Amino acid sequence: MKHSLKFALASICVLALAACSSGSPSGGADNSADAQGSLEQITVGVIPIVDTAPIWLGDAKGFFADEGLDLEIETATGGSAIVPGIQSGSYDFAFSNLISVMVANDKGLDMKFVANGISTTGDGTSDVGSVLVKGNSKISSPKDLAGKKVSVNNLSNIGDTTIKSIVEEDGGDPGSIEFVEVPFPDAPAALENGIVDAAWILEPFQSSALDAGAKMLSANFAEFDPELDVAGYFTSAQYAQENPEVAQKFTRAMNKSLDYAQQNPDEVRDIVGTYTKISEEVRAEMVLPRFRADFNREAVQKLGDAAQSYGTLSKPVDLEKLLP
């Protein structure tokens, strides 16, 4: 996933949903404004995908209301609106993959993560996304992708950065790969029809492609680093400085939401059905990401170094400015 300020999330696949918003949470303890006093409304921009399940779940469970926050969740049909939405003040917080925010900072926009979002499962045989090839493909290892055509949902982002790294580590020439942009929903067909030699596909489309006969070549996130954090929630450095208490409340509620989601995968699958069109059958089968509160700083640094080495970033990542 990558740039010219396109900022599509890594993770992550956009479903064809119209933009909508979610009001105050319900459920759990008595979280009404009358019970807790006036709640402070904040707007959070997300893409309606599996990865953002914890914030929807935490909203429903009242974790944000417990902190005195009234969430207005606004969904974007693409990542291109996420960073500009923070920059313009349309969103107080938003969800994006790490490299998109790294690139924003590299261009001088000064963004900062306040909470983690998703991490790789760390399992090289079962992750939230992978590079797939046709069942009868002669491509058998990452180095074989050299000289081949590989689809990613956006160029110069977290997809091709991690793929280049694992190809180079396997002894192949990452510079010889022809990356082409193909939206995740269209990638299985592009692979099946021979438009590309390999396709990087995330859930839920990964499970569908595998069921249709594709085979996994590489779980690129897990193979890049089994502790890789993929995406998170961020805001502008200015907003964080001017609203430190709100940022801290959001972080606490988001961390609680991530922990709850990790411990309750069935509820994650259920809540995904309330804001996406993913069927119950597909939700039951798809691989869920790991949800955890803490960033793995070494893995984030490794990702930033790789992005710089392949020309996505012009300078080293400053983790002190990027991470909480």
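Here, every reference points to the structure presented above.
Notes on the structure in this doc start here. (Residues numbered from 1 in each chain as written. Predicted model: local features only at pLDDT ≥ 70, side-chain atom pairs only at ≥ 80, totals over all residues. Heavy atoms only, no water.)

Some words on the packing of helix 2 (residues 53-61) against helix 11 (residues 265-275)
Where helix 2 contacts helix 11, the two axes come as close as 9 Å, and the packing angle between them is 95°. By the angle between their directions, the pair helix 2 and helix 11 is classed as roughly perpendicular. Along its contact with helix 2, which presents A53, W56, L57, A60 and K61, the element helix 11 presents E267, V268, I271, V272 and Y275. For the contact of helix 2 with helix 11, the class distribution of residues is eight nonpolar, no polar and two charged. (Axes fitted to C-alpha atoms, helices over the stretch in contact; angles between N-to-C directions. Helix = DSSP H or I, 4+ residues; strand = E, 2+ residues; numbered from the N terminus. Parallel < 35°, antiparallel > 145°, perpendicular 65-115°, else oblique. Contact = heavy atoms within 4.5 Å. Nonpolar A, V, L, I, M, F, W, Y, C, P; charged D, E, K, R; others polar.)

Notes on the pairing of strand 4 (residues 93-97)
Among the five residues in strand 4, five count as buried, and that is most of the element. Residue alternation in strand 4 divides its side chains into two sets, F93, F95 and N97 and A94 and S96, and both sets are buried. Looking at chain direction, strand 2 (residues 40-46) and strand 4 are connected through two bridges and run parallel. Bridge pairing in strand 4 links V44 to F93. (Buried < 20%, exposed > 50% of the residue type's maximum accessible area, 1.4 Å probe, protein only. Pairing = 2+ DSSP bridges.)

Some remarks on the nonpolar core
In terms of nonpolar packing, the biggest core is built from 97 residues, with I55, L145 and F250 touching the most fellow members. At seven residues, the largest contribution of residues to this core is made by helix 10 (residues 244-263). Filtering out sequence-adjacent residues up to four positions away, L145 remains in contact with V131, I139, V150, I163, V167, I177, A198 and L217. (Core = buried A, V, L, I, M, F, W, Y, C linked by side-chain atoms within 4.5 Å.)

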